[in-house]
Amino acid sequence: MEPSLDRNTANHSNATSTADKKKEAVLEACRRRDLSALRALAESPGGFLTDSIRQQAWPILLGLPPSDIKPEADSLSSWEFLPRHKDEDQVQLDVNRAFIYYPDNQTDSQLAHQKSLLSQLILSVLRQHPYLCYFQGYHDIAQVLLLVLPSSVQLPAVTHLSLFHIRDFMLPSLSPAIAQLRLIPDILRLSDPPLWRHLSHTEPFFALSGTLTMYAHDITSLGEIARLFDVLLAREPVFTVYLFAAIVRSRREELFDTPPDEPEMLHSILSKLPVPLELEGLIAEAVRLQREVPPEKLPAWKGISRWSVLKTSNGRGGEENEGARSVEQGRMYFERQVEELRWEKKKARARKWVWKHRGPARMVAVAVLVGVLAVWLRKGPLPGPLVSGLGYLSGLLARWWR
Amino acid sequence: MYLAEGRDKRVKAILEVGEWAGTVKLVVIGSSGVGKTALLRLYCDHEWDPRLATSTIGIDFKTKRLLVGDQPYKVNIFDTAGQERFRTLSASYYRGAHGVILVYDITNRKSFLDLEGWFQEAKTCSTEVVVLCLVGAKLDKAAQGERQVSTEEGRALAESHGAIFYEVSAKTGENFREPFVGTVQRIVGTPGLLEAVRRKPVPDALRLNRGDYYTKPIILVSLLHCCLSG
Ligand SMILES: Nc1nc2c(ncn2[C@@H]2O[C@H](COP(=O)(O)OP(=O)(O)OP(=O)(O)O)[C@@H](O)[C@H]2O)c(=O)[nH]1
Ligand SMILES: [Mg+2]
C-alpha cells in the first residue's frame, strides 16, 4: 500500500512539474512571439493545457497586432450604429440554438445573457466587414472564442480567424469549401488505397460540418474543443482537412464492415465523430499524414484557389511586425477570390449555353469550316499535300468531337 | 392499407434481421428554423427537447424501419440545412430520392413564401415521379394565436403541386408520423417508382464539381472564334 502511494505522489508531483515547465515554455514563446515554438507546444499532448495560457497564446497565433491585445481595447463599441448585415436573421436563428453542450449548469437568465453576447460578437464582426457572408456553424466557432478569451480580444480574434482561417467559407458561394473537402479522398488515395477504394462511391460531404466549423459543431466538450483549437490555430488551415483524413482512417474497421455500395450508411458513420474521441492520437496522426502526403502532392490541390486561406497562410512567420497580419490583407485576398468566383460562374454559364446549343453550334462550326475552305481554295490552287493534310485534320477533329 | 410500426414481435424480429422489402429514400427540405430537425428527431429517435436543438450543417442522415402492410421497408431520410448557401449540395442528396418532404413554419409567413423556391428545386433536382409532401410545422403555436398561414392556404398550395399535406407539431407530437408514413405509403403504392428511381441515371447537369463535360465544345468554339477573328 505504502510504496504505491509513494509512487503515486511522486508521479503526481512529476506531472505538475512537467505541466509547470510547459506552461513556462508557452508563456516564454508568447513573449518572444515565437510561432514555431508555439506550434510544437500546441501539437504536444494537452496543447496549451489551460484557458489562462490560451488567452496569451491564441491572440498571437491568430496574428493580432500587439495593440489589439491590450486589455483596454474597446472592442464592441458602436457596432449598433453600423448598417445591418444581410445575414442577421440567420445569425439569430443559430444563436437561439447555441450553448447546447456547455457551459454546464446555467440558469435560464445566464443562458440568455450568453446568447446575447454571442449575437453581439458575431454581428459586430459582420457589420464591420459587411462583405463577409455568414454560414451556419460560424456561431459554433465564435462560441468557443467567446468562452475562452477575455472580452477585450474577442472581436479582433474572431475577425482575424474569419479572415485567415475560415475566409474560404465566408465567400458568397459554398464551392471553395467543397474544393477543400475534395482533398480528403486524395489524402486517402495516397496513404490508404484500399480504404479510398472502399469510399469511392461516397462524396466527402460527411466532412462538411467538421471542417467548416473547425469541429466546434461536433465536439461536445469545451475542454476538448479548446485543446483542439490550440493546434488548429497554431498550424496552417489545411490541417483541419488532414485531421479529418486521420479520423476516417481511425475508423477503418467500422467502415469496412459497411458495404461500399451503401454511401448513405458510410456518410452517416463518418458525419458523426467517433466516441470516445482520441484527440491526442488523431492530432499526431494528422501531423504525420501531412508530412507523408503534403498538400502539393494531392491532385485536388490544383482545384484550390491561389487566394484561398490554404495557399496564402504560409510565410507569415515572424518576419514583418512579429507575425501580425493586417485585416486589409485578408480583405484583399477575399476580394480576389470573389472576383475569381464571378469569373467561374460566367464560364459555367457559357458552358451551359454551348451545351444547350450544341446541335446548332456543331452545324455552324461545320458550315464555317466549309466556307473558310471554299474561300481559301478560290484564292488559288492549293498544293496537294496541304489539301490532304486538311482532310486528315478534319478527320481527327471529327473523331475527337465524338 | 394496413399500417403499423414494429408493434408485432414477429415482424420486429424480421426487421432486426434486416430483410427489407425495399429501401425508400426521402429528403426533407425547407427554410432554416422551420423545425425539420425537430420533426425528424421525434420520428426517428423519439426525442423532443428544445434545449438540444442545433442548426443543421450540410446534410444529416437518419434511418427508420417502417411497415407498409406486412412488408418491412428501410427508410433513409436526409435532413438538410435550410440556409441558402447549402443548396449547392442539393444535387447530391436528391440522387435516387423517392420522396421529398417540404417543411414550413405555420407561424412564419416568410417560410411559406419561400416554398416556391423549394418546390422548384424539388422538381428540377429529382425524378419526375417523385412523391411530394408539404408539412406545416409548429402546429402547437396556433393555440397561442401565432399562426400566420392558414390550413386552407397550405392545403391549396399542396394540391397545386400534387403534394400530400399535413400540419404537425414536434412539441405535442400531433400528426408527427403522418408525413413520413403517408409519403412512404404513396411511394410503395406507385407501381414501378421504387425500381424506376434506382435505374435512372443522374442527369449530367446535376453533377457537382465533377469532370469537364462541356470543355470540348468550348475549346472548339473558342478555337473557331480565334481563327475567324484573327
Ligand atoms: N413550439 C414548437 N417549436 C418547435 C417545433 N419544432 C421545432 N421547434 C423549434 O424551432 C427551432 C428550430 O427547429 P429545428 O428543427 O432546429 O429547425 P430546422 O428546420 O432543422 O433548421 P435548420 O437546421 O437551420 O435548417 C428549435 O428551437 C425548435 O425547438 C414545434 O413543433 N413546436
Ligand atoms: Mg435542422
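Conventions adopted
- Residues numbered from 1 in each chain as written.
- Chains lettered and ligands numbered in written order.
- Predicted model: local features only at pLDDT ≥ 70, side-chain atom pairs only at ≥ 80, totals over all residues.
- Helix = DSSP H or I, 4+ residues; strand = E, 2+ residues; numbered from the N terminus.
- Contact = placed C-beta atoms within 7 Å.
- Buried ≥ 20, exposed ≤ 12 C-beta atoms within 10 Å, placed from the backbone.
- Near = placed C-beta within 6 Å.
- Pairing = 2+ DSSP bridges.
- Axes fitted to C-alpha atoms, helices over the stretch in contact; angles between N-to-C directions.
- Left-handed = near helix turned anticlockwise from the far one by under 90°.
- Nonpolar A, V, L, I, M, F, W, Y, C, P; charged D, E, K, R; others polar.
- pLDDT = per-residue confidence, 0-100.
- Arc of directions from axis to C-beta.
- Core = buried A, V, L, I, M, F, W, Y, C linked by C-beta atoms within 7 Å.

A.B. asks: So what exactly am I meant to see when it comes to the overall build of chain B here?
C.D. replies: Regarding its fold elements, chain B presents nine helices and six strands. Nonlocal contacts in chain B, meaning residues at least 24 apart in sequence, comprise 75% of its contacts between residues at least 6 apart.

A.B. asks: Explain the overall build of chain A to me, please; I cannot follow it from the model alone.
C.D. replies: Across its full length, chain A carries 21 helices and zero strands. The buried share of chain A, taken over its 402 residues, is 36%.

A.B. asks: How should I be thinking about the site of ligand 1 in this particular structure?
C.D. replies: Lining the immediate environment of ligand 1, one finds 23 residues, of which G35, T37, A38, T56 and G82 of chain B sit closest. Those chains with residues close to ligand 1 are chains A and B. The biggest single contributor to the shell around ligand 1 is helix α2 (residues 36-45) of chain B, with three residues.

A.B. asks: How should I be thinking about the pairing of strand β5 (residues 131-137) of chain B in this particular structure?
C.D. replies: Successive side chains on a regular strand alternate, one facing one side of the sheet and the next facing the other. Residues and elements named next belong to chain B. β5 sits mainly inside the fold: seven of its seven residues count as buried. A two-sided burial pattern is seen for β5, the buried positions comprising V131, C133, V135 and A137 on one face and L132, L134 and G136 on the other. Two elements, strand β4 (residues 99-105) and β5, share seven bridges in a ladder whose sense is parallel. For V103, the partnering residue across the bridge sits in β5 and is V135.

A.B. asks: Help me out: how do you make sense of the packing of helix α8 (residues 151-164) of chain A against helix α19 (residues 327-356) of chain A in this one?
C.D. replies: All names here are of chain A. Between α8 and α19, the shortest axis-to-axis distance is 9 Å and the interhelical angle comes to 35°. When the axes of α8 and α19 are compared, the crossing they make is left-handed. Residues T159, L163 and F164 of α8 lie in contact with α19, whose contacting residues are V327, G330 and R331. Looking at the contact of α8 with α19, its residues break down into three nonpolar, two polar and one charged.

A.B. asks: Explain the confidence of the model for chain B to me, please; I cannot follow it from the model alone.
C.D. replies: A low pLDDT means the predicted coordinates there should not be read in detail. Residue and element names in this part refer to chain B. Summary statistics for chain B give a mean pLDDT of 83 and a share of 77% for residues scoring 70 or more. Counting interchain partners and residues more than four positions distant, the pLDDT-below-50 stretch residues 1-7 has 16 contacts. Predicted confidence for residues 199-217 stays below pLDDT 50, and this span has 20 contacts to residues more than four positions away or in other chains. Predicted complex metrics record ipTM = 0.80 and pTM = 0.84.

A.B. asks: Any chance you could explain helix α7 (residues 138-148) of chain A here in plain terms?
C.D. replies: Because each turn of an α-helix spans 3.6 residues, side chains separated by three or four positions in sequence point in the same direction. Residue and element names in this part refer to chain A. Along α7, nine of the 11 residues are buried, which leaves the element largely enclosed by surrounding structure. Listed in full, the buried residues belonging to α7 are Y138, H139, D140, I141, A142, Q143, V144, L145 and L146. Along its buried surface, α7 packs onto α5 (88-95), α6 (108-128), α8 and α13 (222-234).

A.B. asks: Explain α5 of chain A to me, please; I cannot follow it from the model alone.
C.D. replies: Of all the residues in α5 of chain A, the buried ones are Q90, V91, D94 and V95 of chain A. All buried residues of α5 of chain A project into a common sector of 130° when viewed along the axis, lining one side.

A.B. asks: Quick question: what am I supposed to make of the sheet that holds strand β3 (residues 71-80) of chain B here?
C.D. replies: As a general point, the strands of a sheet are linked pairwise by backbone hydrogen bonds and lie either parallel or antiparallel. Residues and elements named next belong to chain B. Judged by pairing direction, the sheet is mixed, and its six strands sit side by side in the order β2-β3-β1-β4-β5-β6 without closing on themselves. The sheet terminates laterally at β2 (59-68) and β6 (164-167), the two strands that pair on one side only. Neighbouring strand axes in the sheet, compared pairwise and without regard to direction, differ in orientation by 25° on average. Across 10 bridges, the pairing between β2 and β3 is antiparallel. Opposite F61, over in β3, you have F78 as the bridge partner. Where helix α5 (residues 115-125) meets the sheet, its contacts fall on β1 (22-29), β4 and β5, and the angle it forms with β4 comes to roughly 175°.

A.B. asks: Hey, could you run me through the interface of chain A and chain B in this one?
C.D. replies: It is common to give the size of an interface as the accessible area that goes away when the parts come together. In this assembly, 33 residues from chain A lie in contact with 28 residues from chain B. Among the secondary structure elements, those contributing two or more residues to the side of chain A that touches chain B are α5, α9 (175-181), α12 (208-212), α16 (263-270), α19 and α20 (358-378) of chain A. When grouped by side-chain class, the residues that make up the side of chain A that touches chain B number 15 nonpolar, 11 polar and seven charged.

A.B. asks: How should the nonpolar core be read in this particular structure?
C.D. replies: If you look at the biggest cluster of nonpolar residues, it comprises 95 residues, and the most contacted ones within it are L38, I122, A142, A157, I184, Y242 and A245 of chain A. Ranked by the residues each element gives to this core, the list is headed by helix α14 (residues 239-250) of chain A, at nine residues. Each residue touching A157 of chain A, except ones within four places of it in the same chain, is listed here: W58, P59, L62, L64, L145 and L149 of chain A. The next biggest cluster of nonpolar side chains, apart from the first, holds 56 residues, and it includes Y93, A97, V100 and C133 of chain B.

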